[in-house]
Amino acid sequence: MNDVGPFRDGILEEESTPVEAPRAFNARPDGGLDPVIAEMPVPTIITDPNLPDDPIVSVNKAFLDLTGYSADEVLGERYDFLFGAGADPAVTAQVDDALRCNRDIVVDLQTYRKDGTPVRTALFVTSIFDRQNRPIHRLASYIEHRGTRGGPAEIDGVRPGGDAFPSLANDAREMIEANRRLVEANCALQETARATERLRAEAASARQALDAVLSSISDGFMTVDRAWRFTRVNAKAAAIAGLEPEVMIGRNVWDLFPDTVGTLLHRKAHFAAARRTPVEFEYFCPRLDRWFEYRFYPSSEGLTVLENDITARKAAERRQRVLTAELQHRVKNNLALIRSLSTRTLRRARSLEDFAAIFEGRLHALAVTQSLLSRGGAEEVDLHELLLDELLPYDAREGENLEIHGPEVLLKPKTAQLLGLVFHELATNAMKYGALVAGGRIEVTWTIEPTVDGGRLDWRWIEAGVSDIDRSASAGFGRDLVERGVPYQLGGASRFEIGSDGIRCVIQVPLTENVGKLRPGELAGQ
Amino acid sequence: MSISELDGLRILLVEDEYLPAVEVAEMLHLLGVEVIGPVPDLDSALNAVSDELLDGAILDVNLRGEAVFPVAERLLARNTPFLFATGYDEWVLPEKFRDHPRLTKPFDRLSLERVTAAALRRVNGG
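All residue numbers refer to position in the chain's written sequence, counted from 1. The order in which chains are written sets their letters, starting at A; the order in which ligands are written sets their numbers, starting at 1. Where local features are concerned, this predicted model is filtered to residues with pLDDT of at least 70; where side-chain atom pairs are given and counted, the filter is 80 or more; whole-chain, interface and lining totals use all residues. The basis for the side-chain values is all heavy atoms of the structure; hydrogens and waters are excluded.

K.L.:
Explain the sheet that holds strand E13 (residues 402-405) of chain A to me, please; I cannot follow it from the model alone.
P.N.:
Strand pairs in the sheet, formed through backbone hydrogen bonds, run parallel or antiparallel to each other. All names here are of chain A. If you walk across this open sheet you meet the five strands as E13-E15-E16-E18-E17, and the pairing is mixed. Edge positions in the sheet fall to E13 and strand E17 (493-499), since each of these pairs with one other strand and no more. Sheet twist, expressed as the average angle between the axes of neighbouring strands with direction ignored, equals 5°. Direction of pairing for E17 relative to strand E18 (residues 502-510): antiparallel, over a ladder of seven bridges. The residue bridging phenylalanine 496 from the neighbouring strand is cysteine 505, located in E18. Contacts are residue-level and defined by heavy atoms, with any inter-residue pair within 4.5 Å sufficient. Whenever a helix is involved, its axis is fitted only over the stretch in contact; in every case the axis is a line through C-alpha atoms, and angles between N-to-C directions fall within 0 to 180 degrees. Here a helix means four or more residues in a row that DSSP labels H or I, a strand means two or more in a row labelled E, and each is numbered from the N terminus. Of the strands in this sheet, E13, strand E15 (441-449) and strand E16 (456-464) are in contact with helix H12 (residues 383-391), which crosses E13 at around 165°. Here helix H13 (residues 413-432) sits on the sheet in contact with E15, E16, E17 and E18, set at roughly 10° to E16. Strand pairing follows a simple DSSP-based rule, namely that at least 2 bridges must link the two strands.

Now the structure itself:
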């Protein structure tokens, strides 16, 4: 049918109102459109204008039924392969022009089936656009004019050239609209599917990134769901448990670690989950013999657990506690010593002024020992050094009125404390009544005498050049310390004599581990 | 001064430092106590527990580097009341002695009397 009547001039140009196609709609060839056209009763093809020659990428059954071609024969062809050689060039040019401009178009055309039978059809073409208004698909529907096969005929009983065409044009508009709505709906579906997939991919990549971060941190990290099943376990947490993460995931915490049921860990976990509040606590695991610090954070999924091995820290804290306790102990013992010293001094004092002077001197003697002990955290005091420091306030000058000879001996704190007091008392006496006045001198010597149990310190204080010593006034406390205190506290023996030319004091104490020792490498008796 | 609750009792004093030992012994004398000791080391303390009739004992915890606990064990075995006199906090004591009466150094005569009397009552009373 060559006479297309008023349709020749009646090309219906839709306003070029591009479909707001969702942006992700750009994959091709697009199998996603197949479902859109598959069930349509109207013979329809989809082409892809972004491929060379705008080939057909999708075709429905109605089209194959109409034309007699198989899908394989249709796919890859141009939309106009049905037009045949006799197609009106003016019409095909109009179609091409409309497509170039991405306008929708309806034309009346003679097409041919595979067996060569001519079919009069109305062709509707509409374009699908992406966000940037670029055509990504064209949808073309061919509607057969009934009774046209084999020659000119009427369409639905209406004569060609009559008023059937306006009706057809209306049908075509509706068809295009229906197509467009279908495509839009499908696009929306596609978009949803793509968005879901994208989210899934993002979640997967986020999860991968999270896993990488979690495996790199030094703390154990776990998540459990509301049924107390492990949902995430990092390498550290698995290593602490002595298991592989895969073994733990999906398992119930309390089934996997039944020894923790009923423990603080169990209670805290349930508390955090039930009250939806974070908890933080320290827990000793008897099974692993280690201390852990746990942090539980409730989440919408269940609980997030951070696990930190603090065994080393706890050990350090314990050491610190022991050291502090030891220090406390020493301080309290020192206070007890000072207390007894003051009681003792007070009882013998003739006046408050007398007490003040004597007590201050004795307190100073203790302070001297204490500062030698605290210097550099020493646990021992050098005998020679202790002697010199205790004699420092007096007019004793080594090499002039004072001679000191002896090997290097290190004294334990309590030994040093007692001997420091002894030295102080001896020096005070010497200052008041003896060798440190009137040109006297003092010789202090000591040796280490070998014994079966580690040696004995023989220490001697010998004053000389003293005359007219006031025997009656001297040495009550010092004498008591030497004669009673040294044997009581240090063991061994001692002697305190007031001779005609000064005081002679001999102290002999076993150098047990608790008293003191010869400095390593030092020769005894030098 | 009223007659103290400790008057006439025989109490062992174990203390390894001379001056505090002398002072506490004097305090106990003033309370009418017959002081056994003082003794400065583990051996003499153990001997005293074996050899003497004791109403009680006051134990310094650290004796020349040795812990006094063997003495405490022997006193427990004999059902002889005792208390610790120490500068250590209670947690340093072994578990079984943690609830035992304890005098914290330094202490005065009043605390000495009160804690010692309470310790002696504890065993004698039940």
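The discussion continues.
K.L.:
Help me understand the confidence of the model for chain A, please; the structure alone is not making it clear to me.
P.N.:
Close reading of the predicted structure is inappropriate where its pLDDT is low. Residue and element names in this part refer to chain A. On average, chain A scores 80 in pLDDT, and the residues at 70 or more come to 83%. When the criterion is pLDDT under 50, residues 1-31 qualifies, and its contacts beyond four places in sequence or with other chains add up to 72 contacts. pLDDT runs from 0 to 100 and stands for how confident the predictor is about each residue. Counting contacts from residues 147-165, a segment whose pLDDT is below 50, to residues more than four positions away or on other chains yields 37 contacts.

K.L.:
Help me understand empty space enclosed by the protein, please; the structure alone is not making it clear to me.
P.N.:
Over the atoms, a rolling probe the size of a water molecule traces out where space has been left empty. The pocket and cavity definitions rest on a 1 Å grid over protein atoms only: a 1.4 Å probe that fits but cannot leave marks a cavity, an open set with protein on both sides within 12 Å along at least five of seven lines marks a pocket, and residues lining either have an atom within 4 Å of a point. Grid points are joined across faces, edges and corners, and a volume is the space filled by probe spheres set on the points. A complete count under the given rule lists seven cavities of 30 Å³ or more for this structure. If you add up the space inside the largest cavity, you get close to 300 Å³. Around the largest cavity, the lining is made up of 24 residues, and of these A:Met222, A:Val253, A:Phe257, A:Leu265 and A:Tyr294 lie nearest the centre. Elements supplying a minimum of two residues to the lining of the largest cavity: strand E7 (220-225), helix H6 (235-241), helix H8 (253-256), helix H9 (264-275), strand E9 (279-285), strand E10 (290-298) and strand E11 (302-309) of chain A. Residue classes follow a fixed rule: Ala, Val, Leu, Ile, Met, Phe, Trp, Tyr, Cys and Pro count as nonpolar, while Asp, Glu, Lys and Arg count as charged, and any other residue, Gly among them, counts as polar. Here the residues of the lining of the largest cavity are counted per class, giving 21 nonpolar, one polar and two charged. A:Ala336, B:Pro20, B:Val24, B:Lys105 and B:Phe107 are the residues nearest the centre of the second largest cavity, which is lined by 14 residues in total.

K.L.:
Teacher, can you tell me more about the pattern of salt bridges here?
P.N.:
Opposite charge on two side chains permits pairing when their charged atoms draw close. All names here are of chain A. Any carboxyl oxygen of Asp or Glu that lies within 4 Å of a side-chain nitrogen of Lys or Arg is treated as forming a salt bridge with it. Here the structure, examined in full by the defined rule, presents 42 salt bridges over all chains. The partner of glutamate 73 in a salt bridge is lysine 114, and the shortest N-O contact between them spans 2.9 Å. Placement of the pair is glutamate 73 in helix H3 (residues 71-74) and lysine 114 in the loop between strand E4 (105-112) and strand E5 (118-129), with a sequence separation of 41 residues. Taking relative accessible area as the criterion, glutamate 73 reaches 32% and is therefore assigned partly exposed. Summary of the burial criterion: residues with accessible area below 20% of their type's maximum are buried, those above 50% are exposed, and those between are partly exposed, where the area comes from a 1.4 Å probe applied to protein chains only. Taking the relative accessible area as the measure of exposure, lysine 114 reaches 44% and is therefore partly exposed. When the shortest N-O distance is used, the salt bridge between glutamate 380 and lysine 517 registers 3.2 Å. One end of the pair, glutamate 380, is in the loop between helix H11 (352-374) and strand E12 (381-382); the other, lysine 517, is in strand E19 (residues 516-518), with 137 residues separating them in the sequence. A relative accessible area of 36% means that lysine 517 is categorised as partly exposed. Here the salt bridges do not stand alone but share partners, grouping Glu280, Glu282, Glu293, Arg295, Arg313, Lys314 and Glu317 into one network.

K.L.:
Help me understand the layout of surface pockets in this model?
P.N.:
Residue and element names in this part refer to chain A. In this structure, the largest pocket occupies an estimated 810 Å³ of space. Lining the largest pocket are 29 residues; nearest its centre among them are Glu326, Arg330, Glu379, Pro413 and Lys414. Secondary-structure elements contributing two or more residues to the lining of the largest pocket are helix H10 (311-348), H11, H13 and helix H14 (476-490). For the lining of the largest pocket, the element with the highest residue contribution is H10, accounting for eight residues. For the lining of the largest pocket, the residue count by class is eight nonpolar, twelve polar and nine charged.

K.L.:
Would you mind going over the pairing of strand E8 (residues 230-233) of chain A with me for this structure?
P.N.:
For a regular strand, side-chain orientation follows a simple rule: the groups alternate between the two sheet faces. All names here are of chain A. As paired strands, E7 and E8 are joined by three bridges and run antiparallel to one another. Counterpart to valine 224 in the pairing with E8 is phenylalanine 230. Joining the antiparallel neighbours E7 and E8 is a turn of four residues, in which tryptophan 228 adopts a positive phi near 65°.

K.L.:
Help me understand the interface of chain A and chain B, please; the structure alone is not making it clear to me.
P.N.:
Contact residues are listed per partner, giving 32 residues for chain A and 29 residues for chain B. Accessible surface is computed with a 1.4 Å probe, and the buried area is the amount of it that two parts give up when combined, taken over both parts together. Overall, the association of chain A and chain B removes approximately 2500 Å² of surface from exposure, summing both partners, and the carbon and sulfur fraction of that is 55%. The three residues of chain A that bury the most area against chain B are A:Lys332, A:Arg339 and A:Tyr488, which together make up 29% of that side's buried surface. Linking chain A with chain B are three salt bridges. In this structure, A:Lys414 engages B:Asp16 in a salt bridge whose closest nitrogen and oxygen atoms are separated by 3.0 Å. N or O atoms within 3.5 Å of each other form a polar contact, as long as, within protein, one can give a hydrogen and the other can take it, and as long as residues adjacent in sequence are counted only when both atoms are side-chain atoms. At the boundary of chain A with chain B, the tally comes to twelve residue pairs in polar contact (both at pLDDT 80 or more). Where the side of chain A that touches chain B is concerned, the elements lending two or more residues are H10, H13 and H14 of chain A. The element that contributes the greatest number of residues to the side of chain A that touches chain B is H10(A), accounting for 18 residues. When the residues that make up the side of chain A that touches chain B are grouped by side-chain class, the tally is twelve nonpolar, ten polar and ten charged.

K.L.:
Where do I start with the nonpolar core in this structure?
P.N.:
Here is a general trend for soluble globular proteins: nonpolar side chains tend to be buried in one another's company. All names here are of chain A. Residues enter a nonpolar core if they are buried and are Ala, Val, Leu, Ile, Met, Phe, Trp, Tyr or Cys, with the set joined through side-chain atoms within 4.5 Å. Ranked by size, the top nonpolar core spans 55 residues in total, and within it Trp446, Leu457, Trp459, Trp461 and Ile507 carry the most contacts. Ranked by the residues each element gives to this core, the list is headed by H13, at nine residues. Here tryptophan 461 is in contact with Leu391, Leu426, Ala427, Ala430, Ile442, Glu443, Val444, Ile503, Arg504 and Cys505, once residues within four sequence places are set aside. Core analysis: the next-biggest nonpolar cluster, separate from the first, contains 25 residues, Trp254, Phe257, Phe296 and Leu303 among them.

K.L.:
What is the right way to look at the side chain of A:Thr121 in this model?
P.N.:
With respect to the helices and strands, the residue A:Thr121 is situated in strand E5. Discounting residues that sit within four places of it in the chain, A:Thr121 has contacts with A:Val107, A:Asp108, A:Leu109, A:Thr111, A:Tyr142, A:Ile143, A:Glu144 and A:His145.

K.L.:
So what exactly am I meant to see when it comes to the packing of aromatic side chains here?
P.N.:
The geometry of two aromatic rings is summed up by the distance between their centres and the angle between their planes. Residue and element names in this part refer to chain A. Only Phe, Tyr and Trp rings take part, Trp by its six-membered ring, and two of them pair if their centres are within 6.5 Å. Stacked means planes under 30 degrees apart, edge-to-face means over 60, and tilted covers everything else. Enumeration according to the criterion identifies 19 aromatic pairs over all chains in this entry. Summarising the aromatic geometry, the rings of phenylalanine 284 and tryptophan 291 are spaced 5.5 Å apart at their centres and angled 55° between planes, so their arrangement reads as tilted. In this structure phenylalanine 284 comes out as partly exposed when scored by relative accessible area, which is 31%. Judged by its relative accessible area of 29%, tryptophan 291 falls in the partly exposed class. Over a ring means this: the NZ of a Lys or the CZ of an Arg is within 6 Å of the ring centre and within 35 degrees of the ring normal. Lysine 314 extends its terminal NZ or CZ atom over the ring of tryptophan 291, reaching a point 4.3 Å from the ring centre.

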